[in-house]
Amino acid sequence: QVQLVESGGGLVQPGGSLRLSCAASGSIFRINRINVMGWYRQAPGTQRELVASITSGGNTNYASSVKGRFTISRDNAKNTVYLQMNSLKPEDTAVYYCNANERGTSRDYPYWGQGTQVTVSS
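Rules used in this analysis
- Residues numbered from 1 in each chain as written.
- Predicted model: local features only at pLDDT ≥ 70, side-chain atom pairs only at ≥ 80, totals over all residues.
- Heavy atoms only, no water.
- Helix = DSSP H or I, 4+ residues; strand = E, 2+ residues; numbered from the N terminus.
- Buried < 20%, exposed > 50% of the residue type's maximum accessible area, 1.4 Å probe, protein only.
- Contact = heavy atoms within 4.5 Å.
- Pairing = 2+ DSSP bridges.
- Polar contact = N/O pair within 3.5 Å; in protein donor to acceptor, adjacent residues only side chain to side chain.
- Core = buried A, V, L, I, M, F, W, Y, C linked by side-chain atoms within 4.5 Å.
- Salt bridge = Lys/Arg side-chain N within 4 Å of Asp/Glu carboxyl O.
- Disulfide = S-S within 2.5 Å.

Looking at the secondary structure, you find Cys22 in strand 3 (residues 18–26). Exposure remark for Cys22: the relative accessible area of 0% places this residue in the buried category.

This part takes up the environment of Arg19. For Arg19, the location among the structural elements is in strand 3. A relative accessible area of 45% means that Arg19 is categorised as partly exposed. Expressed as a C-alpha distance, the spacing of Arg19 and Thr71, which sit 52 residues apart in the sequence, is 9.4 Å. Filtering out sequence-adjacent residues up to four positions away, Arg19 remains in contact with Ser7, Gly8, Tyr82, Leu83 and Gln84.

Looking at chain direction, strand 1 (residues 2–7) and strand 3 are connected through 6 bridges and run antiparallel. By the bridge assignment for strand 3, Gln3 is matched with Ser25. Looking at chain direction, strand 3 and strand 8 (residues 80–85) are connected through 6 bridges and run antiparallel. Looking at the pairing, Ser21 lines up with Tyr82 of strand 8.

Inspection of the secondary structure puts Arg74 in strand 7 (residues 70–75). Polar contacts involving the side chain of Arg74 include one to the main-chain carbonyl oxygen of Ile34, which spans 3.3 Å. A distance of 3.3 Å separates a polar atom in the side chain of Arg74 from the backbone oxygen of Ile54. Contact partners of Arg74, with chain neighbours within four places excluded, come to Ile34, Asn35, Val36, Met37, Ile54, Thr55, Ser56, Thr80 and Val81.

In this section: unusual backbone geometry. A positive phi is found at Asn79, a non-glycine position, where the angle reads about 55°. Residue placement: Asn79 occurs in the loop between strand 7 and strand 8. Located in the positive-phi region is Ser87, a residue other than glycine, with phi close to 50°. By secondary structure assignment, the location of Ser87 is in the loop between strand 8 and strand 9 (94–103). Judged by its relative accessible area of 40%, Ser87 is partly exposed.

Here the focus is the nonpolar core. Of all hydrophobic cores here, the largest spans 30 residues; its most connected members are Leu4, Trp39, Leu83, Met85 and Tyr96. When contributions to this core are tallied by element, the ones reaching two or more residues are strand 1, strand 3, strand 4 (34–42), strand 5 (49–55), strand 7, strand 8, strand 9 and strand 11 (116–120). Non-local contacts of Met85, meaning those with residues more than four positions away in its chain, are made with Gly16, Ser17, Leu18, Leu20, Arg69, Phe70, Tyr96 and Val118.

Time to look at the pattern of salt bridges. Between side chains of opposite charge, a pair can form as their charged atoms come close. Scanning the entire structure with this criterion turns up 6 salt bridges. Ionic pairing is found between Glu102 and Arg33, a salt bridge with its closest N-O pair at 2.5 Å. With Glu102 in strand 9 and Arg33 in the loop between helix 1 (28–31) and strand 4, this pair connects stretches of sequence that are 69 residues apart. Sharing partners across several salt bridges, the network here consists of Arg41, Glu49, Arg69 and Asp92.

So, about the state of the cysteines. The tally for this structure, following the rule as stated, stands at 1 disulfide. Here Cys22 pairs with Cys98 through a disulfide, and the sulfurs are 2.0 Å apart. Negative torsions about the S-S bond denote left-handed disulfides, and the value of about -85° found for Cys22 with Cys98 makes this one left-handed. Linking Cys22 in strand 3 with Cys98 in strand 9, this pair joins segments that are 76 residues apart in sequence. The burial state of Cys22 is the same as that of Cys98; both residues are buried.

This is the structure we're talking about:
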């Protein structure tokens, strides 16, 4: 199994910045088969949505609402993915979840972190 532990959430004023981190631990065999890591978010009353993702090769994908403001990066040696969030807006307020996808032989195995609250408010 793989465990994902997030950190870095909190309360920030509009226009401010936060950096989220997500560290993967557990089975080294499974961690080495992770091909994509990403961040999702869920605000009250809404569905969970993809914020950004990054492949093991470094290819990134962003939701249109965060392009130019958020940057996802990955340290493969530390099995950690980061989300640098700049120019935060109140509508960025949500619980942010880390996700990792393990590419198995015949199926994929998704893993989720416990979530970290991000609140953007003055």
